[in-house]
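Structural description and commentary
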Amino acid sequence: GCGKLTGVSNPITIRASGSRFGSWMTDTMTPSADSRVWYMDGYYKGRRVLEFRSLTDFVSGQNFVQHLLPHPWAGTGHVVFNGSLYYNKFQSNVAVRYHFRSRSVLVQRSLAGAGYNNTFPYSWGGFSDIDFMVDENGLWVVYTSNQNAGNIVVSRLDPLTLEVLRSWDTGYPKRSAGESFMICGVLYVTNSHLAGAKIYFAYATNTSSYEYTDIPFHNQYSHISMLDYNPRERVLYTWNNGHQVVYNVTLFHVIKTDGE
């Protein structure tokens, strides 16, 4: 069941590899027997995606296949959802859906008005203007535009067509955010990508309302360039200064009784 984020565990370092910036993930919607890991080093003009057979293989750096994307990526806000990689095409506000099994782009679509090329990145820069994420409710994208005065916009996407189904203006300035992630329809925002960061702001899409939070978040290696929730595993994946790290999350569940 869904719940409100109340705590984040201490970081668990899985591996130290790659450059200072990058992203890594598992599929957010496959059966638990599928434990493949995807790895995308760097934030700028990359095209090489490594697919490891399991977390054990990822830790040892063995047993992987390479995918060469037809279009290079920008930023680190990629996500793997139901066998496809969703990412921002370099030097554009185009969202791309790349299907791993057929090794082909199934759809690409421009996010109308969305800033790109470090117009509205997170505080760490790195072409992080457009950030895809998945939670219990499906596929989302976070970005902003001049029309929204640089405040974070969160949009629900159709995973097949990449059409925007609905958008919310959170009112939070994107350049002041370290990173963000979705859990149960709520966008959580950190106030920094550096040491001392905390989860500072939460925007609930179901009520179109926000609140300020104070959830400690131990940033062990002092430079986070990717932060994503995986609803299948209930963990946060991060790339922190060349370290691939996970955090367990604590969700508070409100139990309703028959009398309510």
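On a predicted model such as this, the values are computed, not experimentally measured, just so you know.

Criteria and cut-off values
For every chain, the first residue of its written sequence is number 1, and the numbers climb from 1 along that sequence. For this predicted model, a pLDDT threshold of at least 70 governs which residues receive local features, and a threshold of 80 or more governs which side-chain atom pairs are given and counted, while totals over whole chains, interfaces and linings are taken from all residues. Only hydrogens and water are removed before side-chain values are computed, so all heavy atoms of the structure are retained for them. Residues belong to one nonpolar core when they are buried, are Ala, Val, Leu, Ile, Met, Phe, Trp, Tyr or Cys, and are joined through side-chain atoms within 4.5 Å. Type-normalised accessible area, obtained with a 1.4 Å probe on protein chains alone, sets the label of each residue: buried when under 20%, exposed when over 50%, and partly exposed for intermediate values. Helix numbering and strand numbering both begin at the N terminus, where a helix is a DSSP run of H or I of at least 4 residues and a strand a DSSP run of E of at least 2. Throughout, a residue-residue contact means that at least one pair of heavy atoms, one from each residue, lies within 4.5 Å. In this description, the term disulfide denotes a pair of cysteine sulfurs within 2.5 Å. For two strands to be treated as a pair, DSSP must find at least two bridges joining them. Axes here mean lines fitted to C-alpha atoms, for a helix over just the part in contact, with angles spanning 0 to 180 degrees between N-to-C directions.

**Some thoughts on the nonpolar core**
Grouped together as the largest cluster of nonpolar side chains are 21 residues, with contacts concentrated most on L5, F181, I183, F217 and L236. Listed by contribution, the elements that provide at least two residues to this core are β1 (4-8), β15 (180-183), β16 (186-190), β17 (198-204), β19 (224-230) and β21 (243-252). Per-element accounting of this core gives the leading share, four residues, to β21. Sequence-distant contacts of L5, defined by excluding residues within four places in its chain, comprise F181, I183, Y188, I199, I215, V249, T250 and L251.

**Notes on the state of the cysteines**
Summed over the entire model, instances satisfying the criterion amount to one disulfide. A sulfur-sulfur separation of 2.2 Å characterises the disulfide bridge that pairs C2 with C184. Negative torsions about the S-S bond denote left-handed disulfides, and the value of about -95° found for C2 with C184 makes this one left-handed. Here C2, found in the segment before β1, pairs with C184, found in the loop between β15 and β16; they are 182 residues apart in sequence, far enough to count as distant. Taking the relative accessible area as the measure of exposure, C184 reaches 15% and is therefore buried.

**Quick look at the pairing of strand β13 (residues 151-157)**
For β13, the tally of buried residues reaches six of seven residues, placing the bulk of the element in the interior. In terms of strand pairing, strand β12 (residues 138-143) meets β13 through five bridges, oriented antiparallel. Pairing of W140 across the sheet is with R156, part of β13. The pairing of β13 with strand β14 (residues 164-173) spans six bridges and is classified as antiparallel. Residue pairing across strands places V154 opposite W168, the latter belonging to β14. Where β13 hands over to β14, the hairpin turn is made up of six residues, of which L162 adopts a positive phi near 65°.

**Notes on the sheet that holds β15**
Ordered by their spatial adjacency, four strands build an open sheet running β15-β16-β17-β18, and the pairing between neighbours is antiparallel. Two strands close off the open sheet at either side, each with one partner strand: β15 and β18 (209-216). Ignoring strand direction, the axes of neighbouring strands in this sheet form an average angle of 25°. Strand direction decides the pairing type here: β17 and β18, joined by six bridges, are antiparallel. The residue of β18 that forms the bridge with F201 is Y212.

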